Every structure is written in structure tokens, then in C-alpha cells.
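Single-letter residue listing:
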Amino acid sequence: MSSSSEQSSATHGIRAPKQERSQRSFELALDTTLELLAEKGYAGFALTEVSKRSGVSIGSIYTRVDGRDDLLRAAQSRFQERMLAEHRSLAEPDRWAGVPLEELLPRLIAEFAELLERQGRVLGAFLQRGAVDPEVARAGKVSYFDIRDRFIGLLLSRRDEISHPDPVRAVGSCFTTVYAALARGLALDVAVEAAEGTDMSTLLEDLGAMTLAFLRTDAA
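Residues numbered from 1 in each chain as written. Predicted model: local features only at pLDDT ≥ 70, side-chain atom pairs only at ≥ 80, totals over all residues. Heavy atoms only, no water.

## Let's talk about the overall build of the protein chain
- In terms of regular secondary structure, the protein chain is built from 9 helices and 0 strands.
- Listed N to C, the secondary structure of the protein chain is α-α-α-α-α-α-α-α-α in terms of helices and strands.
- Residues counted as buried form 41% of the 220 residues belonging to the protein chain.
- Across the protein chain, every contact between residues at least 6 apart in sequence was considered, and the portion connecting residues at least 24 apart equals 71%.
- Roughly 11700 Å² of accessible area belongs to the protein chain as shown, and the carbon and sulfur atoms make up 51% of that amount. (Helix = DSSP H or I, 4+ residues; strand = E, 2+ residues; numbered from the N terminus. Buried < 20%, exposed > 50% of the residue type's maximum accessible area, 1.4 Å probe, protein only. Contact = heavy atoms within 4.5 Å. Areas by Shrake-Rupley, 256 points an atom, 1.4 Å probe, with all protein chains shown as cover.)

## Things to note about the side chain of H164
- Along the chain, the position of H164 falls in the loop between helix 7 (134–156) and helix 8 (167–185).
- On the basis of relative accessible area, H164 is assigned to the buried category, the value being 10%.
- For H164, the contacting residues outside a window of four places in its chain are A170, F214, L215, T217 and A219.

## Overview of the nonpolar core
- Formed by 60 residues in total, the largest nonpolar core has its most connected members in L71, F112, L155, L182 and L215.
- Looking at this core, the elements with two or more residues in it are helix 2 (20–40), helix 3 (47–54), helix 5 (68–90), helix 6 (101–130), helix 7, helix 8 and helix 9 (200–216).
- Here the element with the most residues in this core is helix 6; it accounts for 13 residues.
- Residue contacts for L71: discarding those within four places in its chain leaves F26, L30, T33, F45, L47, V50, I61 and V65. (Core = buried A, V, L, I, M, F, W, Y, C linked by side-chain atoms within 4.5 Å.)

## Overview of helix 2
- Look at helix 2: 30 Å from first C-alpha to last across 21 residues, which is about the 30 Å you get at 1.5 Å a residue.
- Along helix 2, the positions that sit buried rather than exposed are F26, A29, L30, T32, T33, L34, L36 and L37.
- Among the structural elements, helix 3, helix 4 (58–62), helix 5 and helix 6 are those in contact with the buried residues of helix 2.
- Downstream of helix 2 by a residue or two, G41 has a phi angle that is positive, lying close to 75°. (Expected span 1.5 Å × (residues − 1).)

## Looking at the pattern of salt bridges
- Across all of its chains, the model carries 18 salt bridges by this definition.
- Among the salt bridges present, the one from D146 reaches R88, with a minimum N-O distance of 3.4 Å. Of this pair, D146 sits in helix 7 while R88 is found in helix 5, placing the two residues 58 residues apart along the sequence.
- Of the charged contacts in the structure, one is a salt bridge between R148 and D149, with a shortest N-O distance of 2.9 Å.
- Residue classification places R148 among the partly exposed positions, given a relative accessible area of 27%.
- Here the salt bridges share partners, and the residues they tie into one network are D69, D70, R73, R129, D133 and E135. (Salt bridge = Lys/Arg side-chain N within 4 Å of Asp/Glu carboxyl O.)

## A word on the confidence of the model for the protein chain
- Here the protein chain shows a mean pLDDT of 87. Residues at 70 or above account for 88%.
- Put simply, helix 1 (residues 4–11) is where the protein chain has its lowest mean pLDDT, 39, and helix 9 is where it has its highest, 95.
- The low-confidence segment residues 1–11, where pLDDT is below 50, has 5 contacts with residues more than four positions distant or belonging to other chains.
- Counted against residues more than four places away or in other chains, residues 191–195, with its pLDDT under 50, gives 6 contacts. (pLDDT = per-residue confidence, 0-100.)

## A closer look at helix 7
- End to end, helix 7 covers 32 Å across 23 residues, agreeing with the expected 33 Å (1.5 Å per residue, within 8%).
- For helix 7, the set of buried residues is V136, S143, D146, I147, F151, I152, L154, L155 and L156.
- Of the surrounding elements, those touching the buried residues of helix 7 are helix 5, helix 6, helix 8 and helix 9.

## Overview of the packing of aromatic side chains
- Taken as a whole and assessed by the stated rule, the structure comprises 10 aromatic pairs.
- An angle of 40° between the planes, with centres 5.7 Å apart, marks the rings of F79 and F126 as tilted. Here F79, found in helix 5, pairs with F126, found in helix 6; they are 47 residues apart in sequence, far enough to count as distant. Here the two residues F79 and F126 agree in accessibility, since each one is buried.
- Taken together, a centroid distance of 6.3 Å and an interplanar angle of 35° make the contact between F112 and F175 tilted. In this pair, F112 is assigned in helix 6 and F175 in helix 8, connecting sequence segments 63 residues apart. Grouping residues by exposure puts F112 and F175 together as buried.
- Among the aromatic side chains, those forming a connected cluster through ring pairs are F112, Y144, F145, F151, F175 and Y179. (Phe/Tyr/Trp six-rings, centres within 6.5 Å; stacked < 30°, edge-to-face > 60°.)

Here it is in C-alpha cells:
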């Protein structure tokens, strides 16, 4: 009888491995998929190139997935696990113990921007694919909400340093603004040319100042 994890994998077009060696080969194929997405985007991603670069045969890949899109979704899951682990470490409240809000905000935004920039090419490929692939979009939303909730949770742990009459709303608006500005500045979901002319150092400085001023306002 199949385990629940095996059934879940099969349901999503990804079959559980029969041997440990098969799992290692598949993980190599997934890592190669992410490398290709970083280099060429979704348009330049092909199973034949994954096989050639990873040394994993096309036949072996097809024992685990039904095709290109299933491999992409499996690679997205692997990518998100890594990215979320980084963000969870970044937004861990204990990491910022004793750091005042006026110092925390600009540093948090700058480190968040660094994370997005480092992962931007792959993240952008998934964002672009998500526009036409509901499963990729759905998985991306789960990741986005996890990041949003941790960002908000960290700032709300400093509620006593926030003067805004509605801290939950204010912190949520700060995240939405920061994420949207960074996504545009780094051209995560559009052509790279869209980011030309963006001075990231100025943008980060202004985002830190604006969000801090908003959280410190006592106006309704």
C-alpha cells in the first residue's frame, strides 16, 4: 500500500523514487533546472538541456515526472524550501533582539532586497510562468504569504515602538509597499530592462525612511 507522501507526489505528477540513487539523480536534475532558469529563464528551459547538463538521462527523468511542467513544479518546490528557510532566518525575532525599530527597518529591508536579488532570476521565471500556470501561481502565493506573515510578525513584535493607531494595518501596508517596490526595482516579473535607471541604494534608503515614518505617525 502506498504511503500518503507517495500518493501526494503522484497526484501532483511527481512519482516517489524506488531507490535512493533515483532520488539523488532527480535532485540533481532539479538543481540543474534551477540553474537553467537562472541563466535562461523559462523560455530557455528544456528537458534535453537538463539531461545533458546534469548527466541524468531523459528516461530517468520521465520515471519521476510526466513532462517539462511537472519538472518545473518540482523544482519550484525545492527552490521555495531554500528561499523560505533563508527568510525565516532573516525574520527570526531573536535575531533582532535589542535592535531598535529605526535600525531594524532599514536593515531588514536591505537584507530582504539582497535575498530577492540573489534569487531574482529564478523567482522571476516562476512569477512569469505563474501568469499562465495556475499550479505554479498557487505555490508562489503560498510562499509569498509565508514571507509576508513573518515580516509582519517581526514588526508587530515591536508594537510598543509603533505609534500608528492601527499597527496591524500599518505593518501590512508597509510589507505590500516594500515588496512591490523591490519587485519592480529588481524586475522580478518583467523584462530586465524595466529596472534600468533604478538606483537600488536610494530606493532602499527611501523605503526604510518611509516605512519608519508611517509606523511612527499617530494620525488616524
